[in-house]
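Residue-level structure breakdown
The lines below spell out each chain.
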Amino acid sequence: MSAARCIDVGAIAPQRWKNGAGLTREIALGPAGAGLDDFGWRLSVAELERDAPFSAFPGIDRCIVVIDGAGMALHDSAGAPVRTLAPLEPWAFEGEHALHARLALGPCRDFNVMTRRGAWRAELQVLREPAPLARGDVTALLVAQGCWQLGGERCDVLQGLLLDGAGEAVHAVPLAADAALLHVRLCHDRRP
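As a convention, each chain's residues are numbered from 1 in the sequence order in which they are written. Note on the predicted model: pLDDT of at least 70 is required for a residue's local features to be given, and 80 or more for side-chain atom pairs to be given and counted; whole-chain, interface and lining totals, by contrast, use all residues. Note that water and hydrogens are dropped before the side-chain values are worked out from all heavy atoms of the structure.

1. Remarks on the overall build of the protein
This is how the line gets drawn: Secondary structure is summarised from DSSP: a helix means a run of H or I of at least four residues, a strand means a run of E of at least two, and numbering begins at the N terminus for each. It is over C-alpha atoms that the radius of gyration is taken, and the globule rule equals 2.2 Å times the number of residues to the power 0.38. Burial here depends on accessible area, computed with a 1.4 Å probe over protein chains only, as a share of the maximum for the residue type. Under 20% is buried, over 50% is exposed, and the range in between is partly exposed. Residue contacts are defined here by distance: any two heavy atoms, one from each residue, within 4.5 Å place the two residues in contact. In short, Shrake-Rupley with a 1.4 Å probe defines the accessible areas, and a residue's cover is counted only from the protein chains shown. Neither His nor the chain termini are counted; the positive set is Lys and Arg, and the negative set is Asp and Glu. Each charge is placed at NZ for Lys, CZ for Arg, CG for Asp and CD for Glu.
Assigned secondary structure in the protein consists of 0 helices and 19 strands. In terms of overall dimensions, the protein is globule-like: its C-alpha atoms have a radius of gyration of 16 Å, near the 16 Å expected for 192 residues. Its C-alpha atoms give the protein principal-axis dimensions of about 45 × 40 × 30 Å. By the burial criterion, 46% of the 192 residues in the protein qualify as buried. Taking contacts inside the protein between residues at least 6 apart in sequence as the whole, the part at least 24 apart equals 68%. In the form shown here, the protein has an accessible surface area of approximately 9,200 Å², with 52% of it arising from carbon and sulfur atoms. The positive charge centre, built from 19 side chains, and the negative charge centre, built from 23, are 2 Å apart in the protein.

Below, the structure written as structure tokens:
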């Protein structure tokens, strides 16, 4: 596999949220040279310690999946229920929507994919079986549970690969009965 970078979320320095309710570990953002104000795509893991509002990201499409903990209930700005997020069930939404997370069953950790609408799009799957994984313009593989063989790399929880460019499919094989893998394909939005 060419242009592969190993991911180890535990080795990424956490950034405390301004509201004090959690931490974010930024895995990667792109394209090269982009920052928080002009990224095309962004991958991160957030640790929610208590109830808190989501940050607003106008013009950004988001997908979130709980990877540790019992999940969270999302409410709108008026307090009405919007969605309950159970572990390992991805949910996509528009980043400008005002959402508030409630953690009735305690802290949790989630994986986030953000893409700039009209420039990039993302596909996120949770896998539990062996499979050849198609690549996008950028591909991320992150172990959510258990242990996986990803091509030639053995990866444990919160480890994985970030691959640039299209190429051969990556063969993913679970090495534990309860294994779960996040497969993210980031693609330039070429729709007319």
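So, next bit.
2. Concerning the side chain of Thr115
Residue position: Thr115 is located in strand 11 (residues 108–116). By relative accessible area, which is 3% here, Thr115 ends up buried. In this view, Thr115 contacts Gly40, Trp41, Gly59, Ile60, Asp61, Trp120, Arg121, Ala122 and Leu186; residues no more than four positions away in its chain are not counted.

3. Here we look at the packing of aromatic side chains
Which entries qualify depends on this criterion: The aromatic pairing rule takes the rings of Phe, Tyr and Trp, using the six-membered ring of Trp, and pairs them if the centres are within 6.5 Å, calling planes under 30 degrees apart stacked, those over 60 edge-to-face and the rest tilted.
One pass over the full model with this rule turns up 3 aromatic pairs. Centre to centre, the rings of Trp41 and Trp120 are 6.4 Å apart; their planes meet at 65°, and the pair counts as edge-to-face. With Trp41 in strand 4 (residues 41–48) and Trp120 in strand 12 (residues 120–127), the pair connects residues that are 79 residues apart, well separated along the chain. We note that Trp41, like Trp120, is buried. Ring centres of Trp91 and Phe93 lie 4.8 Å apart, and the angle between their planes is 15°; this geometry places the pair in the stacked category.

4. Some details on the sheet that holds strand 16 (residues 153–155)
The following threshold applies: Whether two strands pair comes down to DSSP finding at least two bridges between them. Lines fitted to the C-alpha atoms define the axes, with helices restricted to the stretch that makes contact. Angles between their N-to-C directions range from 0 to 180 degrees.
Taken in spatial order, the 4 strands of this open sheet run 13-18-15-16, and their pairing is antiparallel. Strands with a single pairing partner mark the edges of an open sheet, and in this sheet they are strand 13 (131–133) and strand 16. Each adjacent strand pair in this sheet contributes to an overall mean axis angle of 25°, direction not counted. Bridge count between strand 15 (residues 148–150) and strand 16: 3 bridges; the pairing is antiparallel.

5. With respect to the sheet that holds strand 12
Taken together, the 5 strands give an open sheet; going across it, the order is 1-17-14-19-12, and neighbouring strands pair in antiparallel fashion. Of all the strands in the sheet, just strand 1 (4–8) and strand 12 have a single pairing partner and so form its edges. Averaged over all pairs of adjacent strands, the angle between their axes in this sheet comes to 20°, without regard to strand direction. Pairing geometry for strand 1 and strand 17 (residues 159–164), over 5 bridges, is antiparallel.

6. Some points on the side chain of Ser44
Looking at the element boundaries, Ser44 is found in strand 4. Given a relative accessible area of 3%, Ser44 falls into the buried group. Apart from residues no more than four positions distant in its own chain, Ser44 is found in contact with Thr24, Arg25, Glu26, Ile27, Asp110, Phe111 and Asn112.

7. Quick word on the pattern of salt bridges
What counts is decided by this rule: Salt bridge criterion: a side-chain nitrogen from Lys or Arg within 4 Å of a carboxyl oxygen from Asp or Glu.
Counted by the stated rule, this structure contains 9 salt bridges. We note a salt bridge from Arg117 to Asp61, for which the minimum N-O separation is 2.8 Å. Here the residue Arg117 occupies a position in the loop between strand 11 and strand 12, and Asp61 occupies one in strand 6 (residues 60–68), the gap between them amounting to 56 residues. Since its relative accessible area comes to 26%, Asp61 is described here as partly exposed. Within this structure, Arg25, Glu47 and Arg109 form a network of salt bridges that share partners.

8. Regarding the nonpolar core
Where we set the bar: Among the buried residues, those of types Ala, Val, Leu, Ile, Met, Phe, Trp, Tyr and Cys that are joined through side-chain atoms within 4.5 Å form a nonpolar core.
Judged by nonpolar contacts, the single largest core of 26 residues is most densely connected at Ile27, Leu43, Ile67, Phe111 and Leu142. If you list the elements that add at least two residues to this core, you get strand 3 (22–30), strand 4, strand 6, strand 11, strand 12, strand 14 (138–145) and strand 19 (180–188). With sequence-adjacent residues up to four places away left out, Ile67 is seen in contact with Val45, Leu88, Arg109, Asp110, Phe111, Ala144, Leu158 and Leu182. Core analysis: the second largest hydrophobic core is formed by 14 residues, Ile64, Val66, Leu103 and Cys108 among them.

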